[in-house]
Structures are given as C-alpha cells and as structure tokens.
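Examining the three-dimensional arrangement
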Amino acid sequence: MAFDNPLASEIWASKYRFAPAGDAGDKSVEETWTRIATAVAEAEPPKLRKAWRERFLGSLQDFQFLPAGRIIAGAGTARSVTLFNCFVMGEIPDDLGGIFGHIQEAARTLQQGGGVGMDFSTIRPAGAPVHGVGADASGPLSFMDVWDAMCRTILSAGQRRGAMMGCLRIDHPDIEAFIDAKRDGARLRNFNLSVLVTDAFLQALSRDGDWPLTFGGTTFKVVRAADLWRRLMQATYDCAEPGVIFIDRVNEKNNLAYCEQIIASNPCGEQMLPPYGACLLGSINLARLVDAPFTPRAGLDEARLADLTRTAVRFLDNVIDISRYPLEAQELEAKAKRRIGLGVTGLADALIFCGARYGAPEAVELTRRWLAVIRREAYRASAELAAEKGPFPLYDPQILDRPNLQALDEETRGLILRHGLRNGCLTSIAPTGTTSLLAGNVSSGIEPVFAISYDRKIRQPDGSTQAETVEDYALAVWKRLHGSEPPPEDVFVSAQTLTPADHLRMQAAAQEMIDSSISKTVNCPETIAFDDFADVYLEGWRTGCKGLTTYRPNAVTGSVLSVAAATETSPQAPQAAADALTPRPDRLEGATYKLKWPESAHAVYVTINDAQVGGARRPMEIFINSKNMEHYAWTLGLTRMISAVFRRGGDVSFVAEELKAVFDPRGGAWLDGRYVPSLLAAIGGVIERHLRLDGTGSEAALENAASVPIMRAIPPSPCPQCGSAALHRQEGCDTCSDCGYSKCG
C-alpha cells in the first residue's frame, strides 16, 4: 500500500512506525497494520484469532478504519504505554496531600501516553480559610500552575508533550480568574480550559438575573449572570479560551447516568467522562467509502460503512482487554463500563465527492444519514457481542430509557433487550489530525477542509529548504480524474470561506447521532462583531450541542495559517535575515533584572540589551551574573548561546519557552505567587517579560482587555517543532501543516 503523499510517509515514519534497535519493527505501513491486527486479535478465543486478525487487517488497509494514534503507535510493541488516548482523573480532594497525590496520578498517566482532564471545582477558592493552619487558601488556579509545570516536564510516551483539560464550574467563586487566566500568554500553556455551564446559569442569564458564586454552601460573591457571561465571551473572543461545556445536558444525555456522574472532559472535548473514565478512540474514513466521486452517481457505500462499523466496534472492545492502564482505578472503570468512542474522519471530503457544500442543507442531511448508519450498526454489533461475550458489568436494562437508546429503531432495541450491551457508550467524534494526514490528508473529523492546497517547506540534508505542495485528498482525487480542469468552487469550500453558522449546523446535526460529544472548532473571522460571536455559543446551546469551542485570530494565540498570506509575502525574507548575525553597535540600552532564588545565597542578575533594527526594538545580547561561583560555567555558556540566538534575529520567543520548561529534580520555588520549576525557568520568565516591553520600559499589556476587542492583523503562529509559520488550531489541537506536529492542550 503506497502513501498518497510524502507527508503521509513522514508522519508514519516519525509517529507511528515501530522501529526498535536492529532490524526488527515495521518496514512498511502494511507491517504496521499487521502488527496492530495481530495484537488486537489476541483478545479473541484462540480458535477465532486468525479469522478476526484477517478481518481487522482488512478494515485497516487502505486507511478505511483509523484507530487513534495511541493504538497505532503502541499496539503489539510490548512498550509500557496505554492504548487509551485520554482520561478524566479522579475527583480532586480539597486538601494538600490529596491534591499532590492527584498530581502524581496525572503525571503517571501522561507519561504512559494518556491525556488528562480534571475538574478543579472541588478546590476551595482563593482567600478561603484553611482551618487548622491559620492560613488562607491559594485557590484552584495556583494548583493548576503546578499541574502545568509538571506537564511541561513529562514527555508523553517518549513522543509528545502531555495534553490536559482544566474545567471549573460557572458557580465557583474563582470563575472570573479562571476565565481570564489565558489572557496571560505564558500561563497554563499545557491546558485547554473549559467552563462547566449549568442549566441554572442559563436560566439566570435568560431572565437577566443575579448569579451566586458559592463553595461548600457559602456564597462568596453575587454577580449579574449577564456580566459573567459577557466576561466569558470576551475572553474567548480575545484569547480563544475558555471553551464551554453544557454540563447538565452532558449528564442528562449520558447513557450511563444511572451509575455515574460526568465531571469533566478529556483534553479535546469529545469525551465527557466520570472520575477515572477512559477514552478509547477510532474513526471510520468516510472519504474512502464514496463510489463514483464527482459524478451524478456519487454516493457513500452504506453497506461497507455498516460492515466497517461492526468490525470497528469489536476491534475497540478488544483493545480494552489488551491495553495497559496507568492506574488501577482507570482499569476498573474502563472494564466496568467498556466505553468506546467510534467516530468518523474525512466527512468534508466525502461531501465534496458527493457534490454537497459543507454546511448546506444537503450536507447536513447526508451527515445525519451516514452517522445514523454508524449509530444503528454500532449498537447492533455491541448487542451481538454481549450475546457472545457478555454485557458490560454495570449493564442495567434501564439503559434503554436513556435518550440515545430511545432514538434507536425497534429491531435494534429488541436486540439490546434480549442480549444487553457489551459497551456502555459507543460513539464519539475525536480529533484526527495526524491520522488524517497519514490517510492522505483527508479532512479531519467532521471539520471542513482546512486548506484545499498549501505549500510546506522540507528541510534538505544541506540545510536548505524546498517547497512542496500539499493537497487535500479531495483535490488530489479530482486531479487524478480531471487533470488540470478547475475543481467546482461551490463544493470545494474550506475553513477560510465558511460562516460560523455553517459550522454550527454541521456540529448540531452530528451531535444528534453521537452518544458522547464532538471535538470541533467553530472558526470565526477576526472581524466578527462581538455580539454575533457571543450568539454562536447560545445558538450552540439552542441547537443541542454539548459543548462549544471557537477560534478567532487573536493576539494571544496568533492566527491560523493563512493560505493567501503565504503567497503575498515572501517566506525567504525573514529566513535570510535570520541567517546573518547582526553586528553589535557600540552602544546598547537595556534592563537588568534581579532574581532571588531560594537555593542560592546570592542573587542572580540578568541583563538584556536591545538594539534598534529596522525601526523596531529587539534583544541583542544577554548577561547572567552572580557572586555564587557554582553558577559560573553554565551561566557563561547560557550567556554566549542566547546572545548568539538574539543576534540572528527573527522570533526569539522560543528561548523563553524552552527555558521555562526546564525542571529541577531538587524542586522549584514560588516566585511572585507562581510556582517556577527551576532557576533556568525563572531566567526564561525574565526573558519573556523583557520581550513584552513596548520600547518605553512599560509592559505591552491590555489593561482593559475585558472590554476592548482586538481587531488587528496578527502574524501566523510558528510551529514549536519545525519553526514554520504553519500552526493552525482545530478540534482543540494545534496542528502544523508543514511537519505534522500536533498538540492538544
């Protein structure tokens, strides 16, 4: 099986190929599929293993069924990793020992490859008394800073940084600080944030009522609901976070509401889970199932879709039994309910093949139809598995009264009534960033096509770069069939040309057919009026969505990749500037910062001098000095290295980020009310602070950010892995279109 483009081959080699030392491991993607199918079939009785191995292998070939990345990378490798992508951690106790115990549990989970979600609503607010020690509480955000520092130090499963979701209820007394947390561009960078919005709050909002902020039965503050909602919307408008989870609707629609309470979401929002809940994911590639694309006969093969669905349910159910679990509590939870999250990818490409414009009524109806097939066949397969292997341990016939099951046809409900269900929840639509690239750059999840075509830069062995065009899968198929004939513009739409209403219609249609939730980003233009933006969230609520994430280019997170901008501005110009050292002028001006580190008897002084280059101020050199000679060698080395980077120019903000991620195993320190994991991280914080100066010695911050919308052009965000200005955000994840880097959180 050949890859559709060089990028897919690179993704396989760098992220999913099993390549231990020596000649062992995967020599081709076919061997990757064989490794996975063999491992998953081990959960079958011995006499059935060969048959199911072949059936699993058939579903994986041609990228028809795409297990989540943890399964592709880990199944059959004997590595000590989990095959579950994400978890929600246990309920955090409101005491110091319990809190740090949960940090340790999160670290163990991240280390084995699982992302984590937490509800911090159980931690008392800042300023609340801590009885017995005569102190005031520091509040949930201060502990989130500790989680954030921990996450920066954990290289998840040897391949990627950890991803986390932090949630807080809308009635928590610290909700205002939580809403504003991401206005600090350096804070909580390893978290996605979501506010748990209750029905009671939405009712207070609808009647323009007051809203009490309470904890433990005590009201700490009363605010106007409309003011709090506006604050939340303004932060999301300005910073793209927090997202919103309609938590009461989530629990109301949950299949397992009779035996669990959902408390938080996994990092990307597609799986709302109870304490220690696990998220096991896989996606059917709809783009591979359309016959006669771009013709009047084009249509999705629903018989193949049904067959793939049934195979995928059994595949994922088997993974529950062969996976490792970071914590015993996670294994107990997973095996008691056997929750899986089967979803789709390539939806937008499948719609293009069928001549349906994303967001249009025809596309909405096709989406409902295709997902209805998956829902029906998934429940039937699970009922038949229950007849063969037994229902999930916490199965109760009252599950048939839950909303998702009430919507099933009578034949399917009859099967469940006779046999039970093998899996408590079955469907979810997850991010498929790099697995979609692996499958030939098909559209991700239920997102629209991000860019029909774009150029990516490939670094050559001699250090030079070569441009290579990357095309969406639908465009590549069009060219194979029609050559140079222009594709139809009315269906070849992308995220840049769609309205928020188009996104919402598709998300709401998909949510009707999905047990759990959907990871999706509603892209909004930078120029959208604030009131129109705020109404997107209320319309999401009105149309039945369980949660909502929007993205509008902003000053904190930057802009998505702009395909048009890439053709208007020469990419060689900044690179050329970065390749030559700027001569040092005779006289420079700068600032000196004093750092008092608890483990050092003497202060550390950091001096950063700036130059005016092209009419703009930028750092030219750094000096790090201390009377403590223990620091001499490494501070001198750091001085020379960072100064050389500064003199090369370009975006040097990565220097601060890299230093801030350094963890000292002897322990960090609390500086200015924030936990700093090492002295090097403190120096990184100084550099970051200096880079924010506006040239007059004042920090360039928006004091009235809560009321002043940002409406200026923002340059594209650089990728932290390859440095290209090609980072875009969708499904709650940052994804690089150049190198395939992906990070949720």
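Residues numbered from 1 in each chain as written. Predicted model: local features only at pLDDT ≥ 70, side-chain atom pairs only at ≥ 80, totals over all residues. Heavy atoms only, no water.

Successive side chains on a regular strand alternate, one facing one side of the sheet and the next facing the other. The side-chain alternation of strand β10 (residues 210-215) yields one buried face, formed by W211, L213 and F215, and one unburied face, formed by D210, P212 and T214. Pairing of β10 with strand β11 (residues 218-224) involves six bridges; the strand directions are antiparallel. Residue F215 lies in a different strand from β11, and its bridge partner there is T218. Counted along the chain from β10 to the antiparallel partner β11, the turn is two residues long, and its residue G216 has a positive phi close to 60°. (Buried < 20%, exposed > 50% of the residue type's maximum accessible area, 1.4 Å probe, protein only. Helix = DSSP H or I, 4+ residues; strand = E, 2+ residues; numbered from the N terminus. Pairing = 2+ DSSP bridges.)

A complete count under the given rule lists 45 salt bridges for this structure. When the shortest N-O distance is used, the salt bridge between D26 and R35 registers 2.9 Å. Neither residue differs from the other here; D26 and R35 are each classed as buried. The partner of E260 in a salt bridge is R339, and the shortest N-O contact between them spans 2.5 Å. Of the two residues, E260 is situated in the loop between α10 (247-253) and β13 (264-265) and R339 in the loop between α12 (328-337) and β19 (341-345); the sequence distance between them amounts to 79 residues. (Salt bridge = Lys/Arg side-chain N within 4 Å of Asp/Glu carboxyl O.)

The next subject is the packing of aromatic side chains. Here the structure, examined in full by the defined rule, presents 21 aromatic pairs. Ring centres of F294 and W478 lie 4.9 Å apart, and the angle between their planes is 85°; this geometry places the pair in the edge-to-face category. Of this pair, F294 sits in the loop between β17 (290-291) and β18 (299-300) while W478 sits in helix α18 (residues 473-482), and the two are 184 residues apart along the sequence. The burial state of F294 is the same as that of W478; both residues are buried. For the pair F392 and Y395, a centre-to-centre distance of 5.7 Å together with 90° between the ring planes defines the contact as edge-to-face. Given a relative accessible area of 1%, F392 falls into the buried group. An aromatic cluster is present here, built from F294, F353, Y473, W478 and F492 joined pairwise through their rings. The side chain of R249 reaches across the aromatic face of W541, ending 3.8 Å from its centre. Looking at R552, its charged tip hangs above the ring of Y237, at a distance of 3.9 Å from the centre. (Phe/Tyr/Trp six-rings, centres within 6.5 Å; stacked < 30°, edge-to-face > 60°. Lys NZ or Arg CZ within 6 Å of the ring centre and 35° of its normal.)

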